[in-house]
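Structure at a glance
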Amino acid sequence: MTSPVFSSFVLPCGITLPNRLAKAAMEENMADAGQIPGAVLLRLYKRWAEGSTGLLITGNVMIDGRAMTGPGGVVLDKHSDIAPFEAWARAAKQNNTRVVMQLNHPGRQVYAAMGGDVLSPSDVALDLGKHSHLFSKPRAMTLQDIEQLIQRFADSAVKAEQAGFDGVQIHAAHGYLISQFLSPLTNQRKDEYGGSIENRMRLLIEVIKAIREQVSATFIVAVKINSADFQRGGFDADDAKVVVLAMNELAVDLVELSGGSYESPAMQGNTADGRTLQREAYFLDFAKEIAQAATMPIMTTGGVRRLAVAEEVLAQGIDIVGMGTALALNPALPNDWKKDATLSAHDPMVRWKDKTLSALATMAVVKRQLQRMGNGKPPKSNVSPLFSLVSDRIRIKKLTTRYKRYLANR
Ligand SMILES: Cc1cc2nc3c(=O)[nH]c(=O)nc-3n(C[C@H](O)[C@H](O)[C@H](O)COP(=O)(O)O)c2cc1C
């Protein structure tokens, strides 16, 4: 019997996904000079498409080149040349795969070494203990900044549609700008964008509406939110339910539930408030509960490495199973599962004493797989975390120098 994971799924906008598996967004940091997609990214996405994952969500694409999650990120704004993006969409859409571009603004989660504009709802700096100095204190956004931000999200979505992407995903999770608005810890505003959850979610709702008004009805508009921040006093599951109820009224095609931020890396299975997540499918319990309030399809991402776990996620009423790490270590996992249902993807989780360094090292191991695939090589699971972390830092340093030139010449 074929697994339900391989059944197709029709999104509200009418687009059919060939199966229930999605590659979750993973920031590649592999843009060509000028912060545009090039041959390396195309090779990587072709590989994923060949592996038969039904939906590919790109790593976060920046809506403003002055504010980046990393120095090798891709930027798409209304002035961007469309051709490199058309090539990227084409590479990702081989083999009947659907491709959605994740759009993001980092807010305060910008490395100080990179420079640029560090904005946030309020001027609350990141608290990473002894690593806090890596980030600058943000400037609280004015109402005019908010208005421009909403327009930027819509401009990037329009460009993504013109380039041939099947949709966009608004990144409202993981402690980035929209998530900073959602959390009472980072949003201390006294105006209509702060205070109650109705006010804290206003920015997200306005971004969704602005995008929907400017793209076609058949274009996927998806949203990624935290099921909780996993920080005391932060955005919690009750807040997430209110946000989902509000999104029920808008034409949202897919809501992806994740969790955490740089301060509390729950998306890697570690929380700052000490709450324990499931060992696999970290957010399934939260997703199940939040899904009860949802009328749109739901996806959850985090910790899925085995087909049996993906099937369990679907059995609990979730529509799409997101995977990041597993598909970085094996881009052909869906095809391989068709041949061997017991196959498990390697788990590269690094468990050093310093949680921040462990999280960075785990990311570095995963990113190295993306770089290998971008350079036409197969992934390699047994790489040294320390070596990966050091080489990632060196790479970032070089990319930061290049990004600073881009920033100066804009
Ligand atoms: C290298 C790397 C980069 C990531 N970049 C993004 C990103 O750009 N946007 C996003 O929403 N999540 C990002 N994530 C989080 C993943 O989408 C996912 O939520 C997380 O890795 C947990 O799922 P997994 O256990 O299947 O990897 C990233 C994760 C990794 C490992």
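Now for a quick tour of the structure. No experiment lies behind these values; they were computed from the predicted model shown. (Residues numbered from 1 in each chain as written. Predicted model: local features only at pLDDT ≥ 70, side-chain atom pairs only at ≥ 80, totals over all residues. Heavy atoms only, no water.)

To continue, consider the overall build of the protein. The helix and strand inventory of the protein stands at 13 helices and 14 strands. For the protein, whose C-alpha radius of gyration is 19 Å, the value lies close to the compact-globule estimate of 22 Å for 410 residues. Counting only C-alpha atoms and orienting by the principal axes, one finds that the protein spans roughly 55 × 45 × 45 Å. Counting all 410 residues of the protein, 61% fall into the buried class. Across the protein, the fraction of contacts at a sequence separation of at least 24, relative to all contacts at a separation of at least 6, is 71%. As presented, the protein carries roughly 15700 Å² of accessible surface, and 52% of it is formed by carbon and sulfur atoms. Side-chain charges in the protein split into 48 positive and 41 negative, and the spacing between the mean points of these groups amounts to 8 Å. (Helix = DSSP H or I, 4+ residues; strand = E, 2+ residues; numbered from the N terminus. Rg over C-alpha atoms; globule rule 2.2 N^0.38 Å. Buried < 20%, exposed > 50% of the residue type's maximum accessible area, 1.4 Å probe, protein only. Contact = heavy atoms within 4.5 Å. Areas by Shrake-Rupley, 256 points an atom, 1.4 Å probe, with all protein chains shown as cover. Lys, Arg positive; Asp, Glu negative; His and termini not counted. Charge placed at Lys NZ, Arg CZ, Asp CG, Glu CD.)

The next thing to look at is the packing of helix α1 (residues 39-50) against helix α2 (residues 83-92). Contact geometry of α1 with α2 gives a least axis separation of 7 Å together with a crossing angle of 25 degrees. With respect to their mutual orientation, α1 and α2 come out roughly parallel. Of α2, the residues touching α1 (which contributes Leu41, Leu42, Tyr45, Lys46 and Ala49) are Ala87, Trp88, Ala91 and Ala92. Grouping the constituent residues of the contact of α1 with α2 by class yields eight nonpolar, no polar and one charged. (Axes fitted to C-alpha atoms, helices over the stretch in contact; angles between N-to-C directions. Parallel < 35°, antiparallel > 145°, perpendicular 65-115°, else oblique. Nonpolar A, V, L, I, M, F, W, Y, C, P; charged D, E, K, R; others polar.)

If you check the shell around the ligand, you find 21 residues, and the closest are Ala25, Glu27, Gln102, Gly303 and Thr325. Separating an oxygen atom of the ligand from a side-chain N or O atom of Arg305 is a distance of 3.1 Å. Expressed as a share of its isolated accessible area of 600 Å², the protein-covered part of the ligand is 96%. When residues in the shell around the ligand are grouped by element, the largest group, three residues, is from helix α12 (residues 355-374). A per-class count over the shell around the ligand returns seven nonpolar, ten polar and four charged. (Near = heavy atom within 4 Å. Polar contact = N/O pair within 3.5 Å; in protein donor to acceptor, adjacent residues only side chain to side chain.)

Bringing the nonpolar core into the picture now. With 99 residues, the main nonpolar core has Met101, Ile170, Leu204, Ile211, Ile225 and Met247 as its most contacted residues. Top contributing element to this core by residue count: helix α3 (residues 143-163), with eight residues. The residues contacting Ile170, other than those within four sequence positions of it, are Leu103, Phe153, Ile178, Leu204, Val207, Ile208, Ile211, Val221, Ala222, Val223 and Lys224. Counting 15 residues, the second largest nonpolar core, distinct from the first, contains Leu55, Val100, Ala222 and Leu254. (Core = buried A, V, L, I, M, F, W, Y, C linked by side-chain atoms within 4.5 Å.)

Now for the packing of aromatic side chains. As enumerated under the stated definition, the model contains twelve aromatic pairs in all. Ring geometry for Phe85 against Trp88: centres 6.4 Å apart, planes inclined by 55 degrees, an arrangement best described as tilted. On the criterion of helical spacing, the pair formed by Phe85 and Trp88 is a turn pair, its members being three residues apart in helix α2. For Phe85, a relative accessible area of 0% puts it in the buried group. A centroid spacing of 5.3 Å and a plane angle of 90 degrees characterise the contact between Phe230 and Phe286, whose relative ring orientation is edge-to-face. You can see Phe230 sitting in the loop between β11 (220-226) and α7 (237-248) and its partner Phe286 sitting in helix α8 (residues 284-291), a full 56 residues away along the chain. Judged by relative accessible area, which is 1%, Phe230 ranks as buried. An aromatic cluster is defined as three or more aromatic residues linked by ring pairs; in this entry it consists of Tyr45, Trp48, Phe85, Trp88 and Phe165. (Phe/Tyr/Trp six-rings, centres within 6.5 Å; stacked < 30°, edge-to-face > 60°.)

Moving on to the pattern of salt bridges. Going through the model one piece at a time under the given rule, you end up with 21 salt bridges. The closest approach of N and O atoms between Glu263 and Arg108, which form a salt bridge, is 3.3 Å. Taken together, the positions of Glu263 in the loop between β12 (254-258) and α8 and Arg108 in the loop between β7 (98-104) and β8 (119-120) put the pair 155 residues apart, joining distant regions of the chain. Each of the two residues, Glu263 as well as Arg108, counts as buried. The partner of Lys224 in a salt bridge is Glu256, and the shortest N-O contact between them spans 3.2 Å. Here the residue Lys224 occupies a position in strand β11, and Glu256 occupies one in strand β12, the gap between them amounting to 32 residues. Note on Lys224: relative accessible area 3%, which makes it buried. Residues joined in a network through salt bridges with shared partners are Asp64, Arg66, Arg152 and Arg410. (Salt bridge = Lys/Arg side-chain N within 4 Å of Asp/Glu carboxyl O.)

This brings us to the environment of Leu314. Mapped onto the elements, Leu314 comes out in helix α9 (residues 307-315). The contact partners of Leu314, leaving out residues within four places of it in the chain, are Pro4, Val5, Arg20, Asp319, Ile320 and Val321.

Glancing now at unusual backbone geometry. Even without glycine at this site, Ser52 takes up a positive phi of about 75 degrees. Its place among the elements puts Ser52 in the loop between α1 and β4 (55-57). With a phi close to 50 degrees, Ala281 is a non-glycine residue in the positive phi region. Tracing the chain through its elements places Ala281 in the loop between β12 and α8.

Another point: the packing of α12 against helix α13 (residues 385-409). It is the contact of α12 with α13, at a shortest axis distance of 8 Å, that shows an interaxial angle of 75 degrees. One finds that α12 runs roughly perpendicular with respect to α13. Side by side, α12 and α13 meet where Leu357, Leu360, Ala361, Ala364, Val365, Lys367, Arg368 and Gln371 of the first sit next to Pro385, Phe387, Ser388, Leu389, Asp392, Arg393, Arg395 and Ile396 of the second.

Side chains of Trp352, Leu357, Leu386, Val390 and Ile394 sit close together on the surface and give an oily, nonpolar patch of about 440 Å² of accessible area. Relative to the assigned elements, Val390 resides in helix α13. (Patch = residues over 30% accessible without salt bridge, like charges linked within 9 Å, V, L, I, M, F, W, Y side chains within 5 Å.)

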